[in-house]
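Read off the chains here:
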Amino acid sequence: MVEGARARGARPGRAAPDGIIRELSPLVASQIAAGEVVERPASVVKELIDNAIDAGASRIRVELEAGGVELARVTDDGAGIAAEQLAMAVAPHATSKLRSPEDLERIATMGFRGEALASIASVSRLSIRSRRRGSAEAWRLEVEGATRGEIRPDAGPEGTSVSARNLFFNAPARRKFLRTARTEQTRCADVVRDAALAHASIAFELVVDGRAALDLPGGQGPRERALAILGVELEDRLLEVHADEQDSSGRGVALWGLAGLPELARPTNRGQRFYVNGRPITDGTIQHALQEAYRGLIDPSRRPTAVLLLEMTPEAVDVNVHPAKSEVRFRDRSMVHSVVLRAVRAALRSADLTPTHAVEAMLRDRARAEFGSGAIEARPPAGASARDFVEAFKALGPDQTQRVLREVAEETGDARWREVDRPESAPAPAALIEPRPAARVLQIHSSYLVTQDERGMLIIDQHALHERVMFEKLRARIGRGALESQPFLTPVAVRTGAAKADRLEELAPLLSRLGIEAGRLGPEDVAIHAFPTFLAERRVDPARFLEELLERADELQGSGGDEAALHETLDLMACKAAVKAGDRLSDGEIAELIRLRQQVERSSSCPHGRPTSVRLTIADLEKLFGRRG
Ligand code: ADP
Ligand code: MG
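None of the values given here were measured: they were computed from a predicted structure.

Looking at a positive patch on the surface
- A contiguous patch of positive charge on the surface is contributed by Lys-473, Arg-538, Arg-539 and Lys-580.
- Tracing the chain through its elements places Arg-539 in the loop between α18 (533-537) and α19 (542-551).

Side note on the environment of Arg-495
- For Arg-495, the position within the fold is in strand β19 (residues 485-495).
- Judged by relative accessible area, Arg-495 falls into the exposed class, the value being 58%.
- Considering only alpha carbons, one finds Arg-495 and Gly-522, 27 residues apart in sequence, at a separation of 9.1 Å.
- Here the side chain of Arg-495 touches Asp-525 through a polar contact of 2.9 Å, side chain to side chain.

Section: the packing of helix α3 (residues 41-54) against helix α7 (residues 181-198)
- α7 packs onto α3 with a crossing angle of 25° between their chain directions and a minimal axis gap of 8 Å. What the angle tells us is that α3 and α7 run roughly parallel. Helix-helix and strand crossings are classified by hand; for α3 and α7 the assignment is right-handed. Mapping the contact onto sequence places Pro-41, Ala-42, Val-45, Lys-46 and Ile-49 in α3 and Glu-184, Arg-187, Cys-188, Val-191, Val-192 and Ala-195 in α7.
- A breakdown of the residues in the contact of α3 with α7 according to their chemical character gives 8 nonpolar, no polar and 3 charged.

Let's talk about the pairing of strand β5 (residues 147-154)
- Burial runs low along β5: only 0 of the 8 residues are buried.
- As judged from the 6 bridges shared by strand β4 (residues 138-144) and β5, these two strands associate in the antiparallel manner. Bridge pairing in β5 places Arg-140 opposite Arg-152.
- Between the antiparallel neighbours β4 and β5 lie 2 residues, among them Gly-145 with a positive phi of about 60°.

A word on the pattern of salt bridges
- All chains considered together, the criterion is met by 35 salt bridges.
- Across the pair Asp-194 and Arg-273 runs a salt bridge whose closest N-O atoms are separated by 2.9 Å. Separated by 79 residues along the polypeptide, Asp-194 in helix α7 and Arg-273 in strand β11 (residues 272-276) bring together distant segments of the chain. The pair Asp-194 / Arg-273 is uniform in exposure class, with both members buried.
- Asp-318 is the salt-bridge partner of Arg-329, the closest N and O atoms lying 3.7 Å from each other. Placement of Arg-329 in strand β15 (residues 329-330) and of Asp-318 in strand β14 (residues 317-318) is noted, with a sequence separation of 11 residues between them.
- Taken together, the salt bridges that share partners define one network made up of Arg-59, Arg-61, Glu-63, Arg-73 and Glu-205.

A closer look at the sheet that holds strand β17 (residues 448-453)
- Judged by pairing direction, the sheet is antiparallel, and its 4 strands sit side by side in the order β16-β17-β18-β22 without closing on themselves. The sheet is open, and its two borders are formed by β16 (442-444) and β22 (613-617), each paired with just one other strand. Adjacent strand axes in the sheet meet at a mean angle of 25° when their direction is disregarded.
- Relative to β22, strand β18 (residues 456-461) runs antiparallel, the two being bridged by 5 bridges. Bridge pairing links Ile-459 to Val-614 in β22.
- Packing of helix α15 (residues 462-478) onto the sheet brings it into contact with β16, β17 and β18, and relative to β18 it is tilted by some 75°.

So, α7
- Between its first and last C-alpha, α7 extends 26 Å over 18 residues, near the 26 Å set by a 1.5 Å rise per residue.
- Among the residues making up α7, those that are buried are Glu-184, Cys-188, Ala-189, Val-191, Val-192, Asp-194, Ala-195, Ala-196, Leu-197 and Ala-198.

Digging into the sheet that holds strand β3 (residues 125-131)
- Strand order in the open sheet formed by 8 strands is β5-β4-β3-β6-β2-β1-β7-β8, with mixed pairing between adjacent strands. Of all the strands in the sheet, just β5 and β8 (211-216) have a single pairing partner and so form its edges. Taken over all neighbouring pairs, the strand axes of this sheet differ in orientation by 10° on average, direction set aside.
- Taken together, the 7 bridges between β3 and strand β6 (residues 159-165) define a ladder with antiparallel strand orientation. Bridge assignment links Ser-127 to a residue of β6, and that residue is Ser-163.
- In this fold α7 packs onto β1 (59-65), β7 (203-208) and β8, with an angle of close to 170° to the strand it touches most, β7.

Observations regarding unusual backbone geometry
- One non-glycine residue, Lys-325, adopts positive backbone phi at about 60°.
- Within the secondary structure, Lys-325 is located in the loop between β14 and β15.
- Residue Lys-325 is classed as buried on the basis of its relative accessible area, which comes to 2%.
- Backbone geometry at Ser-446 places phi at a positive 50°, although glycine is not the residue there.
- One can find Ser-446 in the loop between β16 and β17.

A look at the packing of α15 against helix α21 (residues 562-577)
- At their nearest, the axes of α15 and α21 sit 8 Å apart, and the two run at 135° to each other. Taken together, the axis directions place α15 and α21 in an arrangement best described as oblique. Like other packed secondary-structure pairs, α15 and α21 cross with a definite hand, here right-handed. Contacts between α15 and α21 involve His-463, His-466, Glu-467, Met-470, Phe-471, Leu-474, Arg-475 and Ile-478 on the former and, on the latter, Leu-566, His-567, Leu-570, Asp-571, Met-573, Ala-574, Cys-575 and Ala-577.

Reading guide: rules and limits
- Residues numbered from 1 in each chain as written.
- Chains lettered and ligands numbered in written order.
- Predicted model: local features only at pLDDT ≥ 70, side-chain atom pairs only at ≥ 80, totals over all residues.
- Heavy atoms only, no water.
- Patch = residues over 30% accessible without salt bridge, like charges linked within 9 Å, V, L, I, M, F, W, Y side chains within 5 Å.
- Areas by Shrake-Rupley, 256 points an atom, 1.4 Å probe, with all protein chains shown as cover.
- Salt bridge = Lys/Arg side-chain N within 4 Å of Asp/Glu carboxyl O.
- Lys, Arg positive; Asp, Glu negative; His and termini not counted.
- Charge placed at Lys NZ, Arg CZ, Asp CG, Glu CD.
- Helix = DSSP H or I, 4+ residues; strand = E, 2+ residues; numbered from the N terminus.
- Buried < 20%, exposed > 50% of the residue type's maximum accessible area, 1.4 Å probe, protein only.
- Polar contact = N/O pair within 3.5 Å; in protein donor to acceptor, adjacent residues only side chain to side chain.
- Axes fitted to C-alpha atoms, helices over the stretch in contact; angles between N-to-C directions.
- Parallel < 35°, antiparallel > 145°, perpendicular 65-115°, else oblique.
- Left-handed = near helix turned anticlockwise from the far one by under 90°.
- Contact = heavy atoms within 4.5 Å.
- Nonpolar A, V, L, I, M, F, W, Y, C, P; charged D, E, K, R; others polar.
- Pairing = 2+ DSSP bridges.
- Expected span 1.5 Å × (residues − 1).

Structure below.
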């Protein structure tokens, strides 16, 4: 219709020709309101589940027919609605959850807008059956569009069952926007999973076209519930995240979650689920903090997998910012950012590093390999850094080490292992994990280093590795204060142009941490008085480096906080200081690089997340040469 009007040259939104302003009929008014709240069956399911949670349900059953379009029904065993309250429940702007404006500042319930039932009723055939807890009778109310039926006695257990049938039967334009039943059903199921994940103690059941699609028992803990939904097979690749902190005004923030190993990162953020006080939300702050925690572990274009549940006092978060309540506003955003960042980082750092299976397995592998009876699979578990792993190894202690070695002795039947019973003659764990006598390294095309390790052959990208090493060094170094710098006898003048010179002041705090001293020389010129020793030693051109920083000022400012900007700059410094592809390296430089490789944390990927080395295992080679299928 709108298109027709357009074709005739009329503009939609023009006042009616007679100029009379009329009040909208209640039905039209609530259909307009419904436009914000009820977009598709999944929004109906979400609102009805929210109501069941608010009613204190311990069981929630969701039934769908034809993707929720024909029927979406949510049944709970919650407090129920008294007969005389039923009519109010479907009235617009009517709620039992809020009274005063101050209540809006501390919302502890899922619902509060008092609009859901009214909105759903205006665009579907709604039927509510409810029996108040402790009451003998159940009652039913049916509403269809603007017509509210009688409240009649009914039979049924305590709790409430709300059915919405034929969604958008009276709003054909909106119905057209619905996707296939299958798609709508998937979205509904996702809503159920989201709610179930955040409310582990409540039993959830989902029935799709008469068949059970999900059946989660009540009384689960958050971990058990999250794994039931994400898939238990992921258990080994999810790290538990915890935090419990105070914000600037002494209010608490608690965080529990599961964060995937870097290998679970995906091209989209579909693997991320965030909740605040039991409410699924999308949130840029949390997402940014999460991404930041994985910096250097995954390619920046990929998104880590994580479930993060935050709990905070209702005053600390404004939930009244989005009609579908899928966004919130934190009173202290930077606090939330830092809690998430630190907690996820800590989880990644300590990944799998307790002296348990992983370390024992590595010791076993080494010990077996010492006597040539098996391939070595000795490497730090995914997500763990080599250095932390060695630490954990040391923590294994002599007793546990002896036990493992004895087991290997029995298993291999090798006579030499009898010595193990005399501790002084057994190989020390350190000896078992130290690399073999240095393997030869070959530089090819002045760009790659080729060498071997226990598992096969290693090809190293010299620039990527060096950059990684430099980045880690810089990061460790800057943690102890500003970088050392050396003053120039005569300042280096740089003609940057006015636009770039203007940015100098904003970057001043960052520059001073890096050990760069620079000032305005004229409208178009900047003078550099001191430059970081680290860069000077690596013969990085001060003028070009500063120009590049000024050019990227916008990007740095927008990168999400001082720490992020600092990291990005360190990245850039590492990149500039690192040997380039095409640089011929001396034997000494090569040996040094290989030594650093073993030292540096996370040396398996460069700061941009690209690999620093690739390995062809013996098995790979055998396949390539057709020795093995
Ligand atoms: P809101 O949840 O924002 O209050 P709704 O329109 O969703 O608004 O619901 C209106 C009122 O109906 C609620 O405040 C509540 O008192 C009652 N109600 C709705 N669903 C249920 C339910 N499943 N169990 C008990 N009471 C309910
Ligand atoms: Mg509600």
